[in-house]
Amino acid sequence: MLKLRCPCCGLVADETELSPGGEAHLVRRGPEAEDDAFEAYLFLRDNPKGPHLERWRHAYGCGKWFIAARDTATMEVFGTYPAQTKGPPAEIVDKIRDRVPGWTAPGEAT
Amino acid sequence: MSRRLTSGGRYIDRSAPQGFTFDGTTFEGYAGDTLASALLGAGVTLVGRSFKYHRPRGILAAGPEEPNALVALGPKERTEPNQRATTTELFDGLTARSQNRWPSLKHDVGALNQAVSKFLPAGFYYKTFIQPRHAWKHLFEPIIRRSAGLGPAPTHADPDEYEHLYDTADVLVAGGGVAGLTAALAAGRAGKRVLLVEQMPHWGGRLVTDALPDAKEEAGETVAALLSALEALPNVHLRTRTMCAGIYDHGYVLCHERVSDHAPAAGIPRHRLWKVRAGQIVVATGAIERPIAFPMNDLPGVMLAGAVRDYVECYGVTPGDTVVIVTNNDDAYRTALSLKAAGIAVPAVVDARGAADGALPAMARAAGIDVRTGQGVAKVLGKTGVEGVQLCAQGSAGEVTDTIACDAVAVSGGWSPAVNLWSHCGGKLRWREDAAWFEPDADKAPTGADGRAFVAVCGAANGRMGARDAATDAAGVGAAAAGGEVPGDLPGVPDAPEEAPLEPVWLMPADAQIEAREKMWLDFQNDVKVSDVELAAREGFESVEHTKRYTTLGMATDQGKTSNINGLAILAKALDEGVPQVGTTTFRPPWTPLSFGSIVGEAKGSAFQPLRRTPMDSWHEARGATWEPVGHWRRPYCYPRRAESAEEAVEREVLAVRNHVGILDASTLGKILVRGPDAGRFVDMLYTNMMSTLKPGRCRYGLMCSENGFLMDDGVVARIDEQTFLCHTTTGGADRIHAWMEDWLQCEWWDWKVHTVNLTEAWGQIAVAGPKARKVLESLGGMDLSAEALPFMGWADGTLGGFDVRVYRISFSGELSFEIAVRAGQARALWDRLVAAGDAHGMAPYGTEALHVLRAEKGFIMIGDESDGTVIPQDLGLDWAISKKKDDYLGKRAQARMHMTDAGRWRLVGLETLEGEVLPDGAYAVSNEKDEWGNTRTIGRVTSSYRSPTLNRGIAMALVEKGPERMGEVIDFPIPGADPIAARIVSPVFYDPEGEKQNV
């Protein structure tokens, strides 16, 4: 059972206190979107074996959403950060690249 | 015939006899016995029948790896099936029954399966019982279920208490043998909080049992010294009878403690489930001995060599008077020496190796034991128990060279490290060719949140089989886990002579013919034989995971503890590959089964989940309401009077609203405040309607959709002021919708200036509905409730009978209706005033079912009835509530997708049955035309169906293909076992289609 630190209230919460929200940093597509782009937004998700940025809500705590950068295979948590960002902070990217050289966040140009 | 030795047995107290029954017969054992040792002591060797062939089975092991001796414990009303006799501590009054036999253990009809065992190979059920299909359900399956199975499930509710406890530890050590004790001491000396758990009631594991006779005393002192050193440390906690069941991500550990199984008493829990968060976990779970596959190796009396010396040394019991040892390693010679010292005849040690020149064989020879090298077992003789063994050359096909009479066989095929806990969280294994076992690969340990290993293994579980070697290993691992140094003053561990390497022997004899291989058991509990695994390989099940499922090898309650490696080796041989190439299956929690009671803990009955009650709950209860659970709330379903049935009560309540006035507790309705400069913009995104144009003082019905376009909730929105909206949600949707709003505000539109508050429980809400509703409220005195002052779909703050209230002119019944919101603390008092005031007007309280009938008569949809997660508002004829002007709202883009705009979608209509009968809820309509495959086509489904007391007939709402285009058409609803019901498609609004009655 995962342990993640909520960046809002600072508590290290058990997974049972949290509810998962899937892949982070999706870009919402609205009425103007073409079918393919909308389908990708609605349904297509990365399922990487390795570093992953995922949304969690401290549902049975402060109620805030945050994002966890976590390795799905090794269970290493590179860090958590508030949901009000469009991408992971630089120090988390650096931490991930320490483990996985050349790693890039989804959507980020290499 | 007692098999209890006259002396020995360091776990038992001969001055404390304990009576117990097995299959109704009374026996006696001693305090400290396990049920298995007590049965053996009483001369009971036949303890069960096997799963598939109903073969007679005896005790194989002395610990949790036992595959055969499964019994049902306790009197009938608290039966606990499938309990291992080897881990069940004896107490006075214990009752146990054998399983999987009929009519009795000795005379079992199912044993006929043996006669046809040739026709019951691996995959038999898959291959055989295919046609005819109906025979499977009515003939084959019932017979198979009766003949193949374990113990019966209990028939009564469990009367015992269980509890969950939580703990943390810097270092958790699993296993209390010499390695676990040493690791815990090393970690404890480093000052860390240490939790040491041991599944059995005793500390020290195999150390004393396995010590040679002249070292036993020293070994006992080692255990005592380790224990007293540990007990002296306040930061170390020791817990016996506590099984480490599983290791999960980030150091989460489940342990199962058998608190009072061994001494049942009222007032203390039976089991505890410990949920521990550990920084580091040290696995010191020892090793498990493997049997050897030779013909008839499953006869009662064939026992693991290590278990034999456990019984002799720990319990003063012998499995036989004359015991032949069969081995491929030196360790089994300890058993020969133990037996010899206890005065038991050991006519021979049959050693498959070409030579046995180590120190232990030499000691056996010196004790006068006949060591026969290069030999194997051609067959074990006997029907329900061992009567002798036929020997042969190990390298042969099984030509008998000698026969030895005996009544027990002690077998050892070597030991396998118990690596299960290491593997639970992804720890990898490596194959040790010289020792023929899988052991943990320290370079591939499970990693935790910091990316570093959080599980370490030591001792026999780490492949360090010698006691001194294991202790040295454990000291280092324990100290490292605590970040400390190895203490210099650890108690000494007696040395043991070096052992010669084993010779991997997977088949005995090596060239055994098929007839022999069909009598060699690998998995005793699931009746899997060497020939079954070979068959799986021949049929193409090359992956070990496939072979496991095809043969059921290792899938029984023992999870293959004694059969895994042997099965893998046989599969590897059949595939002509190496064991590591074939690989292992994945070990998963739990290590041994834990009780359902411990998983449930206190979460049963009223403590299963919280019950939410409205401020008026006690009034409803006093009025004899029947309840309907909605979310976690309970709501009155109806209020039956004396002899009234529920149906009659609902009718009366509906008619009271239509003709007079009714009162409903609507407090459970979700109430979410949305406030801020961007509140209008936000509610416009949440709802399909245009909400921002709503004027303060006005209400609007709104729909919420998911990004998929599907309808997810509905409710009335009231605009409180320029920056404030109060959003009503369904009862079950309040928390979900609040979370939904927060998701969008926090993660997508975080720069919008809006906040939300879930006020559901802050307000009580009372609906007063019916033609006389205004009169009832006016009789309380207070605010102006006239149609001019408070028109339909308006709201106003004011007072009623002195209560500060907010009154909404909204209607879910189609009648003149007021919903009165009042502070929760005053809700009951206002309710009482209204009820008293209503008496003069024939007012009746009504429940959720009358509410549903009233709304269905009006064609109002209900979330969860008309919507099911695949329905869009357009399907429900709610286009009027979907803004055409807005650029965007959640779900808008999805509702433009091809499938959503398909003209053939099922859409909402009303149904009038031709005979006035009530359609079953959920009934399907079928088309008269057949589809291209000749099947009847389903064209619709009933979503709500009631008897309408107002119209005195059955009414229904349904989703029907192109429904609104088919008004007047009659469609059929087939009813299982009865004639189809014909219904005419009509408007879903059955009552007051113009909406005049609510707007007065």
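Residues numbered from 1 in each chain as written. Chains lettered and ligands numbered in written order. Predicted model: local features only at pLDDT ≥ 70, side-chain atom pairs only at ≥ 80, totals over all residues. Heavy atoms only, no water.

Enquirer: Whenever I open this one, the sheet that holds strand β21 (residues 400-405) of chain B confuses me. Can you help?
Expert: Strands in a sheet are paired, the pairing made by backbone hydrogen bonds, and the direction either parallel or antiparallel. All names here are of chain B. Taken together, three strands build an open sheet; the order of strands is β19-β20-β21 and the sheet is antiparallel. Of all strands in the sheet, those with a lone pairing partner are β19 (375-381) and β21, marking the two edges. Here the average twist between neighbouring strands, direction ignored, is 30°. In this sheet, β21 lies alongside strand β20 (residues 388-393) in antiparallel orientation, the contact comprising five bridges. Bridge assignment links V389 to a residue of β21, and that residue is I404. (Pairing = 2+ DSSP bridges. Helix = DSSP H or I, 4+ residues; strand = E, 2+ residues; numbered from the N terminus. Axes fitted to C-alpha atoms, helices over the stretch in contact; angles between N-to-C directions.)

Enquirer: It is not clear to me how the nonpolar core should be interpreted in this structure. Could you clarify?
Expert: Where a protein is soluble and globular, its nonpolar side chains tend to be buried together. All names here are of chain B. One finds F20, F22, L35, F294, Y311, V326 and V380 to be the most contacted residues of the largest nonpolar core, which totals 79 residues. Looking at this core, the element that brings in the most residues is helix α8 (residues 305-315), giving seven residues. Of the domains in this structure, domain 1 (1-157) and domain 3 (291-413) are the two that each give at least three residues to this core. Beyond its immediate chain neighbours, meaning those up to four positions away, V326 contacts F294, V350, V377, V409, A410, V411, S412 and M508. With 33 residues, the next largest nonpolar core counts A211, A215, L233 and V282 among its residues. (Core = buried A, V, L, I, M, F, W, Y, C linked by side-chain atoms within 4.5 Å. Buried < 20%, exposed > 50% of the residue type's maximum accessible area, 1.4 Å probe, protein only. Domains from an automatic or database assignment. Contact = heavy atoms within 4.5 Å.)

Enquirer: Explain the interface of chain B and chain A here, please?
Expert: When the parts come together, some accessible area is lost, and that loss is often what is quoted as the size of the interface. Facing the 30 residues of chain B at the interface are 29 residues of chain A. Taken over both partners, the interface formed by chain B and chain A buries close to 2,600 Å², and the fraction arising from carbon and sulfur atoms is 49%. A per-residue breakdown of the area chain B buries against chain A is headed by H250(B), Q746(B) and R893(B), which together make up 27% of the total. At the junction of chain B with chain A, the criterion picks out five salt bridges. Between R277(B) and D14(A) there is a salt bridge, with the nearest N and O atoms lying 2.6 Å from each other. There are 17 residue pairs in polar contact (both at pLDDT 80 or more) connecting chain B and chain A. Broken down by element, the side of chain B that touches chain A gets its largest block of residues, six residues, from helix α22 (residues 734-747) of chain B. For the side of chain B that touches chain A, a count of residues per class yields 12 nonpolar, six polar and 12 charged. (Buried area = accessible area lost by both parts, 1.4 Å probe. Salt bridge = Lys/Arg side-chain N within 4 Å of Asp/Glu carboxyl O. Polar contact = N/O pair within 3.5 Å; in protein donor to acceptor, adjacent residues only side chain to side chain. Nonpolar A, V, L, I, M, F, W, Y, C, P; charged D, E, K, R; others polar.)

Enquirer: How do you make sense of the pairing of strand β13 (residues 271-283) of chain B when you look at a structure like this?
Expert: All names here are of chain B. Summarising burial for β13: 11 of the 13 residues are buried, a large majority. Pairing between strand β8 (residues 162-174) and β13: 12 bridges, direction parallel. For Y162, the partnering residue across the bridge sits in β13 and is H271. Note: strand β12 (residues 252-258) against β13, seven bridges, orientation antiparallel. Within β13, the position partnered with H256 by the bridge is L273.

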